[in-house]
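Secondary and tertiary structure notes
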Amino acid sequence: MNDTDTTVAQRSLTLLGLGDMGSALARTWLAAGHSLTIWNRTASKAHSLAAEQGAAGAVTVAASPAEAVAANRLVVVCLLDDASVGSALDGVDLTGKDLVNLTTGTPAEARRRAAWSEARGARFVDGGIMGTPVMIGAPEAGGYVFYSGSRALFDTHRAVLEVPAVGRFVGEDPGHAALHDVALLSAMYGLFAGISHAFALVEGEEGIAPKDLAPLLSEWLGAMGFFVGNAAERLTSRDFTTGVVSNLAMQVAGSGTLLRTAEEQGVSAELIAPYFALMRRRLAADEAAHAAEDTAGAITLLKRAG
Ligand code: FVH
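Predicted model only: the values in this text are computed from it and were never measured. (Residues numbered from 1 in each chain as written. Predicted model: local features only at pLDDT ≥ 70, side-chain atom pairs only at ≥ 80, totals over all residues. Heavy atoms only, no water.)

We now examine the overall build of the chain. A count of helical and extended segments in the chain gives 13 helices and 8 strands. The C-alpha radius of gyration computed for the chain amounts to 24 Å, which surpasses the reference 19 Å derived for 306 residues by more than 25%, pointing to a less compact arrangement than a globule. Along the longest, intermediate and shortest principal axes, the C-alpha atoms of the chain span 70 × 50 × 30 Å. Per-residue burial for the chain yields a buried fraction of 39% across its 306 residues. A fraction of 60% describes how many contacts in the chain between residues 6 or more apart in sequence connect residues 24 or more apart. If you sum the accessible surface of the chain, you get close to 16300 Å²; carbon and sulfur atoms cover 58% of it. Taking the 23 positively charged and 33 negatively charged side chains of the chain as two groups, their mean positions are separated by 5 Å. (Helix = DSSP H or I, 4+ residues; strand = E, 2+ residues; numbered from the N terminus. Rg over C-alpha atoms; globule rule 2.2 N^0.38 Å. Buried < 20%, exposed > 50% of the residue type's maximum accessible area, 1.4 Å probe, protein only. Contact = heavy atoms within 4.5 Å. Areas by Shrake-Rupley, 256 points an atom, 1.4 Å probe, with all protein chains shown as cover. Lys, Arg positive; Asp, Glu negative; His and termini not counted. Charge placed at Lys NZ, Arg CZ, Asp CG, Glu CD.)

Written out as structure tokens, the structure is:
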């Protein structure tokens with residue numbers, strides 16, 4: 001392979017999956033001048049995307065996953081879930097391929113997929129996309145992708161992989177991108193749960209419109225963001241009592257007020273009650289030891305033994 005071939009090869013890749021996210025990725029690579037071979041289970045989506053590009057578009061529609069994979073060394077997969085990755089790549093020759101899986105999955109699924117790929121002669125990197133399709137190809141939106149697995153693969157293709165969004169390599173354990181992804185998404189859903197409860201409390205209340213509460217909520221959540229760093233420090237030091245500003249006993253008592261307010265407003269407490277139950281459990285385990293603690297101490301109850 002001469003220099004020109006190398007350049008061409010580095011600008012060419014295969015993409016399996018043209019759902020909302022896969023299509024956004026494809027458009028970004030094409031806009032940046034990369035050549036794409038694409039495959040999608042429902043072929044009409046691939047043909048529409050190719051038609052969008054016009055005659056000069058550097059896109060080839062493959063008739064099968066095997067044909068798409070054969071076209072390039074770098075193969076990016078963005079399908080619904082790990083089962084769809086298995087079904088698309090079943091029986092496909094992956095020898096010498098660099099497989100990048102941007103399909104959301106669990107850490108264990110990513111580790112199994114890495115071993116499965118390596119057994120078929122491919123290098124493997126798993127990716128967790130932290131962003132929505134509209135954030136792809138829009139660096140100002142702040143989206144990025146966690147990557148983990150083969151560092152050599154990531155370094156080889158980093159420039160191409162970072163066209164849609166910046167990459168953050170989080171280690172050679174192929175499960176770690178998914179673990180980071182799911183940790184952040186889980187925190188997001190906890191936040192959404194609290195926000196949903198807050199809006200439900202004021203819904204229908206004369207004099208408090210949702211749009212009036214919104215800026216107050218945003219401001220408050222920003223101010224309470226300190227809990228992230230506080231929890232990290234305490235989990236590292238295992239010191240849950242020094243410098244506590246809002247102790248557990250006070251917060252458990254205060255949670256009663258929040259639950260009674262939900263009752264008064266006719267709102268189900270189903271989204272916030274589990275967290276209060278965890279705080280009560282920590283206090284009840286040893287009141288003398290835990291009353292003066294920070295609520296971060298309750299995190300230690302969540303991990304199951306073994
Ligand atoms: N969209 C988002 O906001 C999030 C952002 C963060 C990352 N996620 C994950 O990205 C993966 C793909 O998501 P998507 O938004 O592209 O999803 P859909 O638009 O639903 O497209 C799904 C594609 O998967 C294909 N597919 C489904 N089942 C199979 C199968 N058994 N065999 C082969 N392909 C399959 C589907 O094909 P088709 O329905 O068009 O024929 C689409 O190409 C996902 O992991 C998100 O969690 C997105």
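Here the narrative resumes.
On to the nonpolar core, then. Grouped together as the largest cluster of nonpolar side chains are 31 residues, with contacts concentrated most on L15, L36, V76, V100, L102 and Y147. Going through the elements one at a time, β1 (12-16), α2 (20-31), β2 (35-39), α3 (43-53), β4 (74-77), β6 (123-130), β7 (144-149) and α7 (151-161) are the ones with two or more residues in this core. The dominant element in this core, judged by the number of residues it contributes, is α2, at 6 residues. (Core = buried A, V, L, I, M, F, W, Y, C linked by side-chain atoms within 4.5 Å.)

Moving on: the confidence of the model for the chain. Of all residues in the chain, 96% have pLDDT values of 70 or greater, and the mean over the chain is 95. Confidence drops under pLDDT 50 across residues 1-5; counting only partners more than four residues distant or on other chains, this segment forms 2 contacts. (pLDDT = per-residue confidence, 0-100.)

Taken together, 21 residues form the shell around the ligand, and within it M21, N40, R41, T42 and K45 come nearest. Interatomic distance of 2.9 Å between a backbone N/O atom of D20 and an oxygen atom of the ligand. Between the ligand and M21, the relevant distance is 2.9 Å, taken from an oxygen atom to a main-chain nitrogen or oxygen of the residue. In isolation the ligand has 910 Å² of accessible area, and contact with the protein removes 75% of it. Here the shell around the ligand takes 3 residues from α2, the largest share from any one element. Among the residues forming the shell around the ligand, the class breakdown is 7 nonpolar, 11 polar and 3 charged. (Near = heavy atom within 4 Å. Polar contact = N/O pair within 3.5 Å; in protein donor to acceptor, adjacent residues only side chain to side chain. Nonpolar A, V, L, I, M, F, W, Y, C, P; charged D, E, K, R; others polar.)

What follows covers the pattern of salt bridges. Applying the stated criterion to the full structure yields 10 salt bridges. Here R113 makes a salt bridge to D82, at a shortest N to O gap of 3.0 Å. Highlighted residues: R113 in helix α6 (residues 107-119) and D82 in helix α5 (residues 82-89), separated in sequence by 31 residues. The exposure class of R113 is buried, given its relative accessible area of 9%. The buried category is assigned to D82, whose relative accessible area is 16%. In this structure, K211 and D212 form a salt bridge, with 3.7 Å as the shortest nitrogen-oxygen distance. If you follow the salt bridges from partner to partner, you end up with R73, D98 and R123 in one network. (Salt bridge = Lys/Arg side-chain N within 4 Å of Asp/Glu carboxyl O.)

Our focus in this paragraph is unusual backbone geometry. Within the chain, R238 stands out as a residue other than glycine whose phi angle is a positive 60°. Locating R238 in the fold gives a position in the loop between α10 (226-237) and α11 (248-264).

Moving on to the packing of aromatic side chains. Counting across every chain of the model gives 4 aromatic pairs. Pairing Y144 with F146 gives two aromatic rings, centres 5.0 Å apart and planes at 90°, and the pair type is edge-to-face. Take Y144: its relative accessible area is 14%, and that puts it in the buried class. Consider the rings of Y147 and F154, whose centres lie 5.1 Å apart with planes at 40°: the pair is tilted. The class of Y147 is buried, set by a relative accessible area of 1%. Its relative accessible area of 0% is what places F154 among the buried residues. Among the aromatic side chains, those forming a connected cluster through ring pairs are Y147, F154 and F169. Geometry around W116 places R113 over its ring, the cationic atom sitting 4.5 Å from the centre. (Phe/Tyr/Trp six-rings, centres within 6.5 Å; stacked < 30°, edge-to-face > 60°. Lys NZ or Arg CZ within 6 Å of the ring centre and 35° of its normal.)

Interfaces are often sized by the amount of accessible area the parts lose when they come together. When its domains are assigned, the chain resolves into domain 1 (8-173) and domain 2 (180-302). Taken over C-alpha atoms, the centre of domain 1 sits 38 Å from the centre of domain 2. Residue-level contacts link 8 residues of domain 1 with 5 residues of domain 2. Counting across the domain 1 and domain 2 interface gives 0 residue pairs in polar contact (both at pLDDT 80 or more). Elements with a contribution of two residues or more to the side of domain 1 that touches domain 2: β6 and β7. (Domains from an automatic or database assignment.)

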